[in-house]
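The primary structure of each chain is shown beneath.
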Amino acid sequence: MRLVTYAGADGARPAAVVAGDRVLDLGGIAGSVTALLSSDAALAAAREAVASADADSLPVLDAAALLAPVVPGKILCLGYNYRGHVPDGVDPTANDPEYPDVFVKTSNTLAGPNDAVVIPPGATDVDYEGEVAVVIGRRAQRVALEDALDHVGGYTILNDVSDRAWQRRQSQWALGKCSDGFAPLGPWVVTPDEAPDPQDLLVEVVRDGVVTVSQSTSTTIFSVAYVIHHLSQVLTLEPGDIVSTGTPQKLPAAQDAHRPLADGDAVTVRIAGLGELTTRFIASQESAA
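Definitions and cut-offs
- Residues numbered from 1 in each chain as written.
- Predicted model: local features only at pLDDT ≥ 70, side-chain atom pairs only at ≥ 80, totals over all residues.
- Heavy atoms only, no water.
- Buried < 20%, exposed > 50% of the residue type's maximum accessible area, 1.4 Å probe, protein only.
- Helix = DSSP H or I, 4+ residues; strand = E, 2+ residues; numbered from the N terminus.
- Arc of directions from axis to C-beta.
- Contact = heavy atoms within 4.5 Å.
- Pairing = 2+ DSSP bridges.
- Axes fitted to C-alpha atoms, helices over the stretch in contact; angles between N-to-C directions.
- Phe/Tyr/Trp six-rings, centres within 6.5 Å; stacked < 30°, edge-to-face > 60°.
- Lys NZ or Arg CZ within 6 Å of the ring centre and 35° of its normal.
- Core = buried A, V, L, I, M, F, W, Y, C linked by side-chain atoms within 4.5 Å.
- Salt bridge = Lys/Arg side-chain N within 4 Å of Asp/Glu carboxyl O.

Colleague: Teacher, can you tell me more about helix H5 (residues 224–232) here?
Modeller: One full turn of an α-helix is made of 3.6 residues, so residues set three or four places apart face in the same direction. Three or more residues of H5 are buried, namely Val224, Ala225, Val227, Ile228, Leu231 and Ser232. The buried side chains of H5 occupy one side of the element, clustering within an arc of 165° when seen end-on. Buried residues along H5 sit in contact with strand E5 (75–79), strand E6 (101–105), strand E10 (130–136), strand E11 (152–159) and strand E16 (242–244).

Colleague: Before we go on, may I ask you to explain the sheet that holds strand E15 (residues 210–216) in this structure?
Modeller: Strand pairing in a sheet is mediated by backbone hydrogen bonds. Such pairs are either parallel or antiparallel. Taken in spatial order, the 5 strands of this open sheet run E8-E18-E17-E14-E15, and their pairing is mixed. Strands with a single pairing partner mark the edges of an open sheet, and in this sheet they are strand E8 (117–119) and E15. Averaged over all adjacent pairs, the angle separating strand axes in this sheet is 20°, with direction ignored. Here strand E14 (residues 202–207) runs beside strand E17 (residues 266–271); their pairing, made up of 5 bridges, is antiparallel. Bridge assignment links valine 203 to a residue of E17, and that residue is isoleucine 271.

Colleague: Sorry if this is basic, but what is going on with the side chain of threonine 212 here?
Modeller: Note that threonine 212 resides in strand E15. For threonine 212, a relative accessible area of 7% gives the class buried. Apart from the residues lying within four places of it in its own chain, the contact partners of threonine 212 are Tyr128, Val205, Arg207, Lys250, Leu251 and Ala254.

Colleague: Is there a simple way to explain the packing of aromatic side chains in this structure?
Modeller: Describing an aromatic ring pair means giving the distance of the ring centres and the angle of the ring planes. As enumerated under the stated definition, the model contains 3 aromatic pairs in all. Pairing phenylalanine 222 with tyrosine 226 gives two aromatic rings, centres 5.5 Å apart and planes at 25°, and the pair type is stacked. According to the relative accessible area criterion, phenylalanine 222 is buried, its value standing at 10%. Ring pairs connect the aromatic residues Tyr80, Phe103 and Trp173, which therefore count as one cluster. We note arginine 169 situated over the ring of tryptophan 166; from NZ or CZ to the ring centre the distance is 4.4 Å. Looking at lysine 250, its charged tip hangs above the ring of tyrosine 128, at a distance of 4.4 Å from the centre.

Colleague: Help me understand the nonpolar core, please; the structure alone is not making it clear to me.
Modeller: For soluble globular proteins, nonpolar side chains are generally found buried alongside one another. Residues Tyr155, Ile228, Ile271 and Leu274 are the most contacted members of the largest nonpolar core, which totals 48 residues. Sorting elements by how many residues they give to this core places H5 first, with 5 residues. Contact partners of isoleucine 228, with chain neighbours within four places excluded, come to Val134, Ile136, Ala140, Val143, Ala148, Val152 and Leu237. Counting residues in hydrophobic clusters, the runner-up holds 26 residues, among them Val70, Ile75, Leu158 and Val189.

Colleague: Help me understand the pattern of salt bridges in this model?
Modeller: Close approach of charged atoms lets side chains of opposite charge pair. Scanning all chains against the criterion turns up 19 salt bridges. In this structure, the salt-bridge partner of aspartate 10 is arginine 13, at a minimum N-O distance of 3.7 Å. Arginine 13 sits in the partly exposed class, given a relative accessible area of 23%. One salt-bridge network, in which partners are shared between bridges, spans Lys105, Asp127, Glu129, Asp160, Arg164, Lys177 and Lys250.

These figures come from the coordinates and say nothing about function on their own.
Take a look at the structure:
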């Protein structure tokens, strides 16, 4: 299933996308997408509702009404998880690291698939990162590697927007990663039964009509299963939490032509089997005043 959260007349509602462009309200089964993902009974009821729905009688999906599909308690991200993507000055052919490079995006960063990202006042080098994001469906605490994927509720897309100038000012990345709205998420969650192999997805980013990133998740250093296993040894992953799996390196031409994001820019992250997430960037009114 493709599960969405949409803005209804009485607030946020969970729903399923049916027949590609119709929406089936699931609010009578669970109060949120997270509640659906965390309950086998609710998921079974949702699948039954989708299977028996008359698509022609359902309303057409209004993309403008979509909100972030889940509201995570934690957003955990990986740095340099694709082969060839390394810190400045590091040999891209060097041996793989022993452990994942993990950082946190705080709750204020969450944005929906239709929310514009406001470029903070004084920001000089805002950049994009298109990533496969894992949505936790079952509580994960010190899980074994072979059981890790059982805790996945689904997959979605995250744009790990980053202020490179702030990121370079310290060894810790938080201030470069955690401006308001710097984690657009969506447009939906694809449940594992309908999602492609997470280790065989083509991740692409398009800016100004040009593909700037194109690389398969088959080239990640740490698999989704390993990352969930690894993280759960230290902290408990709860339903709705997001684990974002890192970005590939930009293509050489895009690296050479690097230009910070500016007012009016738009970036589309497209991932095979998961869909597309387009984010618009606008200047801060404070900076314009």
